[in-house]
Amino acid sequence: MAFSNIINGTYGQEKEETSSQKLELGTRMVFRDGREYRYAHNGGTAVGEGLVVAAEALVAHHGSDGDLAVATTAAGSRTIDVTVEGTAAAKNLYKEGYLWFNLAATSVHELYKIKEHDAFGSGGAATVTIEDEDGLHQAVTNGTDTVGLMKNPYDNIIVATAAVAERPVGVTVNAFTADYYGWVQTRGISVIKIDAAATCALGTPLGTSAAHAGQVSAVGADTTGGIARIHSLAGVDNEYAVVVLYNLD
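Residues numbered from 1 in each chain as written. Predicted model: local features only at pLDDT ≥ 70, side-chain atom pairs only at ≥ 80, totals over all residues. Heavy atoms only, no water.

Caption draft 1: View of the packing of aromatic side chains. Summed over all chains, the structure comprises five aromatic pairs. Taking 5.1 Å as the distance between ring centres and 55° as the angle between the ring planes, the aromatic pair formed by phenylalanine 31 and tyrosine 37 counts as tilted. Here the two residues phenylalanine 31 and tyrosine 37 agree in accessibility, since each one is buried. Relative to tryptophan 183, the ring of tyrosine 39 lies with its centre 5.3 Å away and its plane at 65°, an arrangement referred to as edge-to-face. Taken together, the residues tyrosine 39 in strand β3 (residues 36–41) and tryptophan 183 in strand β13 (residues 181–193) connect sequence positions 144 residues apart. Tryptophan 183 matches tyrosine 39 in its accessibility class, with the two residues each being buried. (Phe/Tyr/Trp six-rings, centres within 6.5 Å; stacked < 30°, edge-to-face > 60°. Buried < 20%, exposed > 50% of the residue type's maximum accessible area, 1.4 Å probe, protein only. Helix = DSSP H or I, 4+ residues; strand = E, 2+ residues; numbered from the N terminus.)

Set out below in structure tokens:
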């Protein structure tokens, strides 16, 4: 499939969703007023509007620490055999995700977009095909080089939990149907649900709540993971507020 990278959206397009994929995950949509969105796939649970959503947590047995064994593979190859650890992985679970190399002691420290892969059995090997038309930039050596597998951060997004295991990737702009494709907002004026023991004043920086999934609360400083700032009326606990989004790309 050939997909456009950035599209100029029309107002209302951000609320559209479909049961089948129409664009590459992570495609950016920009509005004339500066608002920006990313194309995403919702996971298995419907998500309400105005909530923070996050990428799925990395799977430890799939190389979250970059320690999966690989077969010796020549530079220029578009395929590489990877061995996972104790958890099986369905065919193309990591399609549109990334294969990345880890060890500081080796010469290979690169990242590749995954085009497709076979199914992995528990502790088994499978062939991964990368998108790069020129294939691997450097040769890979079994027993020396290791890799990790990472899903596309916009695939199977979830409501940001109180103990976020992955980074926030956007805010829902309407009810997002389970297993559908649509848009989450990443920049500009937006509306978001507030979790606040006290009213949040204008200009207050906001980060993901530690108490209520999908909501935001005040953070002490811009250095503590802020993703938005109160823009209009002061935010009130368990109500929605107009904010300016940032730090979500």
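Caption draft 2: Representation of the sheet that holds strand β6 (residues 79–83). Read once around its circumference, the closed barrel built from six strands follows the order β5-β6-β9-β8-β7-β10, with strand pairing classed as antiparallel. Shown here is a sheet whose adjacent strand axes are inclined to one another by a mean of 45°, direction ignored. Across two bridges, strand β5 (residues 68–70) lies against strand β10 (residues 146–150) in antiparallel orientation. Bridge pairing in β10 places leucine 68 opposite valine 147. (Pairing = 2+ DSSP bridges. Axes fitted to C-alpha atoms, helices over the stretch in contact; angles between N-to-C directions.)

Caption draft 3: Seen up close, the pattern of salt bridges. Summed over all chains, the structure comprises 10 salt bridges. A salt bridge links lysine 113 to glutamate 24; the nearest nitrogen and oxygen atoms lie 2.5 Å apart. With lysine 113 in strand β8 (residues 111–117) and glutamate 24 in the loop between β1 (6–8) and β2 (28–30), this residue pair connects regions lying 89 residues apart in the sequence. Given a relative accessible area of 18%, lysine 113 falls into the buried group. Classification of glutamate 24 by relative accessible area gives partly exposed; the value is 25%. Arginine 35 serves as the salt-bridge partner of aspartate 33, at 2.8 Å between the closest nitrogen and oxygen. Arginine 35 sits in the buried class, given a relative accessible area of 19%. Three or more residues joined by partner-sharing salt bridges are found here, namely Arg28, Glu36, Arg38, Arg187 and Asp249. (Salt bridge = Lys/Arg side-chain N within 4 Å of Asp/Glu carboxyl O.)

Caption draft 4: Just the pairing of β8, in detail. Relative to β8, strand β7 (residues 98–101) runs antiparallel, the two sharing three bridges. Looking at the pairing, tryptophan 100 lines up with leucine 111 of β8. Two strands pair when backbone bridges link them, and β8 and strand β9 (residues 125–130) are joined in this way by three bridges, in the antiparallel orientation. Counted as the bridge partner of histidine 117 is valine 128 from β9.

Caption draft 5: Representation of the side chain of aspartate 145. Examined against the element boundaries, aspartate 145 turns out to sit in the loop between β9 and β10. No salt bridge is formed by the buried aspartate 145; the nearest opposite charge belongs to arginine 78, separated by 19 Å. At 2.8 Å, the side chain of aspartate 145 forms a polar contact with the backbone nitrogen of threonine 141. (Lys, Arg positive; Asp, Glu negative; His and termini not counted. Polar contact = N/O pair within 3.5 Å; in protein donor to acceptor, adjacent residues only side chain to side chain.)

Caption draft 6: Spatial organisation of the side chain of asparagine 152. Checked against the element boundaries, asparagine 152 lands in the loop between β10 and β11 (158–159). We classify asparagine 152 as buried; its relative accessible area is 4%. Separated by 2.8 Å, the side chain of asparagine 152 and the backbone nitrogen of tyrosine 154 make a polar contact. In this view, asparagine 152 contacts Leu25, Glu96, Gly97 and Lys113; residues no more than four positions away in its chain are not counted. (Contact = heavy atoms within 4.5 Å.)

Caption draft 7: Examining the environment of aspartate 237 more closely. Its place among the elements puts aspartate 237 in the loop between β16 (228–230) and β17 (240–245). Using a relative accessible area of 41% as the deciding quantity, one classes aspartate 237 as partly exposed. Once the C-alpha coordinates of aspartate 237 and glutamine 215 are considered, the two residues, 22 residues apart in sequence, prove to be 9.9 Å apart. Once residues lying within four places of it in the same chain are set aside, the contact partners of aspartate 237 are Ile194, Asp195 and Ala196.

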